[in-house]
Amino acid sequence: MRKNRAGKEKNGFKMFILDDDRNILEALGANFRTKGYEVVTQENPLEALRQMEEEHYDILILDFIMTPVCGDEVVARLRKFDQRIYVIMLTGHKELAPPLNTIRELEIQGYCEKSSRYDQLELLVESCVKCIRHINTIYRYQDGLSSILTAIPHLHQMLPVDELCRQVLTELKELTRSQDCFVWVKPDSILTDIDTAELPADIYRGAGKYEMSFFEFERENYPEVVGVIRQSLNERRIIFQDEKHVLLVPLLGKNEMILGVLGAEMEERPDITMEALLSVYAEQVTTALHNALLKILLNANNVRLSSMNKRLRDSFMQTVEALRLLVDAKDLYTRGHSDRVSFYGVELAKKVSDDKVFINRVRIAGLLHDVGKIGVSDAILSKPDRLTENEFAEIKKHPGIGANILACMDMFNAIGDIVCAHHERFDGTGYPKKRMGEGIPKEARIISIADAFDAMMSDRHYRKRLSFDQAVVQLRTGKGSQFDPCLVDAFLEVLEDYDTICGELQWTYEENNKGRYADYGTEDII
């Protein structure tokens, strides 16, 4: 610390003395310099105003009666650019004292008469110093809180951990007014109940003398402060290590969790205001870091879940494909039929709904609508002539058989009722339960139209295919009786682009074709 000629340490307060009497000016200046104040003197009021506008002073002592302007005018002009300076006004004549209202309006903190003794003036100055210390503490706390409040939105932007630590380090340097700082986080100290394999054991970032890798910090600096760090963490409080001048702020969370520590090298022990600010800031840093670490784990879990979901989707579609191939193996004459019904059904579903879950239920139901034929005799399925009444009765069992097969697998819970109802008629004369109108699932009403259209457009054992126009006539004829009339109208709009559709379905007529609808999972149909 610098000392004046009398050996008094500087107290950190800057004083400006203004008086047009040179002798008084020198005497006052000399007196307060011996008390540890940094003193600037000036005889000219206008020059004094210029100097005080360029640099802030803590205390102004000035004479009331001066030329070319008096003390009250000086203070009035001063208050336009400096509200924080403390003012003590002197007068050599009691009868020429400034009015009380003037002292109040100009926020003059003290007033006394000039004297060869400075006891009263020194008491006023000491009173001002106490107030300034309190006010500076308040300002420092306000400035620190303002800085923290500005930083909080950035802290909680879910930044990558390294970027977050860099930002914390910048703000820590500003709060502590130190260039030598570090942030050290130990994820496994807080996330003990979670698999932290995706996280590094230590996250570290330093500035100034601490700007190094964690390996270097651990080797060079950690041994010096390890005891203090442990003490800070164990006692869950801020600690200042006098010997090394290191301030350590634990990052404390809820439920006794400790995430890490902030460190800064400081010349002096921080006051209670600084400790309060750092505690507030550390709490925000802990929350932000905790969330950032959890985000890393969440992203890692999402990757694993995506992989599991892909395997689930693959398994699901393999099951669908296996069931579809079983049907094709039973009735080679209708090979590709299920794929085409699914395709037509999806196009119609898209026409009447934007619900992706609904559309995918139609897609899967179309592929599996004839799965119940597994339970029908091969002789009946492959009979080249028209079926007898008893044989047709056997065929009519396949929707119910299909529903029972699908009921055995949880993944097809939403499909069984659709498969069971795909031969119901809108007028209630269908099978197996004679459901009618909107009592038939909408997906089944869609499959019914798609199934009938593809059957009409395909060669069967007992008849040749119909022409496109003939099939359209049959669809119109069936409106309101076999089919939902509104869905038929929508399907006819789909068929306006039939040439393109034929090209897209060409693969379904190829021998040993494999289904192409493999990109959906169980969550898409439930």
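The coordinates are above.
These notes cover the structure that comes with them. (Residues numbered from 1 in each chain as written. Predicted model: local features only at pLDDT ≥ 70, side-chain atom pairs only at ≥ 80, totals over all residues. Heavy atoms only, no water.)

Counting across every chain of the model gives 22 salt bridges. One salt bridge in this structure joins arginine 117 and aspartate 119, with 2.6 Å as the shortest N-O distance. Connected through salt bridges with shared partners, the residues Asp19, Asp63 and Lys114 form a single ionic network. (Salt bridge = Lys/Arg side-chain N within 4 Å of Asp/Glu carboxyl O.)

For the second largest pocket, the calculated volume is near 400 Å³. Forming the walls of the second largest pocket are 12 residues, and the residues nearest its centre are Thr176, Arg177, Met266, Glu268 and Met274. (1 Å grid on protein atoms, 1.4 Å probe; cavity = no way out; pocket = protein on both sides within 12 Å on 5 of 7 lines; lining within 4 Å. Points joined across faces, edges and corners; volume = space filled by probe spheres on them.)

Below, the discussion takes up the sheet that holds strand S1 (residues 14–18). Pairing is parallel in the open sheet, where five strands are placed in the order S2-S1-S3-S4-S5. Bordering the open sheet on either side are strand S2 (38–42) and strand S5 (110–113), each of which pairs with just one other strand. Sheet twist, expressed as the average angle between the axes of neighbouring strands with direction ignored, equals 20 degrees. Sheet analysis places S1 next to S2, joined by five bridges and oriented parallel. Its bridge partner lying in S2, phenylalanine 16 is registered against valine 40. On the sheet, helix H2 (residues 45–54) packs against S1, S2 and strand S3 (59–63) and is oriented at approximately 160 degrees with respect to S1. (Pairing = 2+ DSSP bridges. Helix = DSSP H or I, 4+ residues; strand = E, 2+ residues; numbered from the N terminus. Axes fitted to C-alpha atoms, helices over the stretch in contact; angles between N-to-C directions. Contact = heavy atoms within 4.5 Å.)

Another point: the side chain of glutamine 42. Within the secondary structure, glutamine 42 sits in strand S2. Side-chain polar atoms of glutamine 42 contact the side chain of glutamine 51, separated by 2.6 Å. With sequence-adjacent residues up to four places away left out, glutamine 42 is seen in contact with Phe16, Ile17, Leu18, Asp19, Leu25, Glu47, Ala48 and Gln51. (Polar contact = N/O pair within 3.5 Å; in protein donor to acceptor, adjacent residues only side chain to side chain.)

It is worth spelling out the packing of helix H10 (residues 337–352) against helix H11 (residues 356–368) at this point. The N-to-C vectors of H10 and H11 enclose an angle of 160 degrees; their axes lie 7 Å apart at closest approach. With respect to H11, the axis of H10 lies roughly antiparallel. Regarding H10 and H11, the two cross each other, and that crossing is right-handed. Contacts between H10 and H11 involve Ser338, Asp339, Val341, Ser342, Gly345, Val346, Ala349 and Lys350 on the former and, on the latter, Phe358, Ile359, Val362, Arg363, Gly366 and Leu367. Residue composition of the contact of H10 with H11, by class: seven nonpolar, four polar and three charged. (Parallel < 35°, antiparallel > 145°, perpendicular 65-115°, else oblique. Left-handed = near helix turned anticlockwise from the far one by under 90°. Nonpolar A, V, L, I, M, F, W, Y, C, P; charged D, E, K, R; others polar.)

Before going further, it helps to examine the sheet that holds strand S7 (residues 203–207). Reading across from one edge, S7-S6-S10-S9-S8 is the order of the five strands in this open sheet, with antiparallel pairing throughout. Strand pairing shows two members of the sheet lacking a second neighbour, S7 and strand S8 (239–241), which therefore form its edges. Strand after strand, the sheet turns through a mean of 15 degrees between neighbouring axes, direction not considered. Inspection of the sheet shows strand S6 (residues 181–185) paired to S7 by five bridges, in the antiparallel sense. Following the sheet pairing, valine 185 is matched in S7 by isoleucine 203.

This paragraph deals with helix H1 (residues 22–34). The end-to-end C-alpha distance of H1, which contains 13 residues, comes to 19 Å, matching closely the 18 Å that a straight helix rising 1.5 Å per residue would cover. Restricting attention to buried positions, one finds in H1 the residues Leu25, Leu28, Gly29, Asn31 and Phe32. For H1, the angular spread of the buried residues around the axis is 165 degrees, confining them to a single face. The N-terminus of H1 is capped by aspartate 21, whose side-chain oxygen sits 3.0 Å from the backbone nitrogen of asparagine 23. Two residues or fewer after H1 comes glycine 36, characterised by a positive phi angle close to 100 degrees. (Expected span 1.5 Å × (residues − 1). Buried < 20%, exposed > 50% of the residue type's maximum accessible area, 1.4 Å probe, protein only. Arc of directions from axis to C-beta.)

What follows is about unusual backbone geometry. Geometrically, the link from threonine 67 to proline 68 is a cis peptide bond, its omega value of 5 degrees lying close to zero. By secondary structure assignment, the location of proline 68 is in the loop between S3 and helix H3 (71–78). Backbone geometry places arginine 177, a non-glycine residue, at a positive phi of 55 degrees. Looking at where arginine 177 falls in the secondary structure, it is placed in the loop between helix H6 (161–176) and S6. Note on arginine 177: relative accessible area 66%, which makes it exposed.

As a further point, take the side chain of serine 458. Mapped onto the elements, serine 458 comes out in the loop between helix H16 (442–456) and helix H17 (468–477). Serine 458 sits in the buried class, given a relative accessible area of 10%. For serine 458, the side chain forms a polar contact with the main-chain oxygen of aspartate 454, separated by 2.6 Å. Every residue in contact with serine 458, bar those within four places of it in the chain, is listed here: Arg340, Arg463, Lys464 and Arg465.

Glancing now at the pairing of strand S9 (residues 246–252). The buried fraction of S9 is high, at six of seven residues. Both S8 and S9 contribute to a ladder of three bridges, which runs antiparallel. Paired with phenylalanine 240 across the two strands is leucine 247, which belongs to S9. The loop that links S8 with its antiparallel partner S9 comprises four residues; one of these, histidine 245, has a positive phi angle of about 55 degrees. Alignment of S9 against strand S10 (residues 258–265), held across seven bridges, turns out to be antiparallel. When the bridges of S10 are listed, valine 249 appears paired with leucine 262.

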